[in-house]
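Residues per chain, in single letters:
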Amino acid sequence: MAALDLEIGSSSSSSSSSMPPKVIRFLSCLLQRVADSNDVMMTQLCGGGGSMSIFHGLSRPNISIHSYLERIFKYANCSPSCFVVAYVYLDRFAQKQPSIPISSLNVHRLLITSVLVSAKFMDDIYYNNAYYAKVGGISREEMNLLEVDFLFGIGFELNVTPTTFHTYCSHLQAQMALVDPTVEMDMAAARSSLSVHHCCYNEDDSTHHQQLAV
């Protein structure tokens, strides 16, 4: 995974090590588009309602997804790999919990929880739940509940193979290339990627599924 970290982890060769890695921009862009699409869908189908969960807030947070991810990166000190693995976990959650599509009302809590779980699984040293709660702007009790609910939501499937990790890195780059032509990547891969509404790969054969989607 080290080589992939270098590819998707740094902002540029001349950037400071404190600068957010590319994966922050890639992931925030994709999740913003997914949340916006699902917001529109739920408004059309349910009048803005839909299934509520422990991850849902009463209103859209003032902080953007990109700024929220940058805040997590700045204060949590977890590796760039954690954000890719968090993306894998979010996809698994969406597959197993189709009644809870990612939206502007739940994406922030899903993000802080997925990064927390990812850091515990990936990194040798990580902060506790109380610290992540402060970073995420929620209480420690809520953070604890979100973690447990998220783990049950993904069926405690925490392992991520190198092949899966590479696949999700490639997909993030492909999705980013669709909106940012400056991203250096194989454009053939970008053309073959599916729409923003579908961003999940099967663990075995990398077949795309309609998850994290409207």
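Preceding this paragraph is the structure being described.
Residues numbered from 1 in each chain as written. Predicted model: local features only at pLDDT ≥ 70, side-chain atom pairs only at ≥ 80, totals over all residues. Heavy atoms only, no water.

Caption draft 1: Unusual backbone geometry, seen in detail. Backbone geometry places N77, a non-glycine residue, at a positive phi of 55°. The exposure class of N77 is exposed, given its relative accessible area of 53%. If you check the backbone angles, F156 has positive phi at about 55° while not being a glycine. Residue placement: F156 occurs in the loop between α7 (140-153) and α8 (162-179). On the accessibility criterion, F156 (45% relative accessible area) is partly exposed. (Buried < 20%, exposed > 50% of the residue type's maximum accessible area, 1.4 Å probe, protein only. Helix = DSSP H or I, 4+ residues; strand = E, 2+ residues; numbered from the N terminus.)

Caption draft 2: Broad picture of the state of the cysteines. This structure, assessed with the given rule, holds zero disulfides. Cysteine C78 is unpaired, with the sulfur of C82 as its nearest cysteine sulfur at 4.7 Å. (Disulfide = S-S within 2.5 Å.)

Caption draft 3: A look at the nonpolar core. L31, F83, L111, Y132 and F150 are the most contacted members of the largest nonpolar core, which has 52 residues in total. Of all the secondary structure elements, the ones that give two or more residues to this core are α2 (22-46), α3 (65-76), α4 (80-96), α5 (107-122), α6 (129-136), α7 and α8. Beyond its immediate stretch of four places on either side in the chain, Y132 contacts A76, C78, I112, V115, L116, A119, Y127 and M143. (Core = buried A, V, L, I, M, F, W, Y, C linked by side-chain atoms within 4.5 Å. Contact = heavy atoms within 4.5 Å.)

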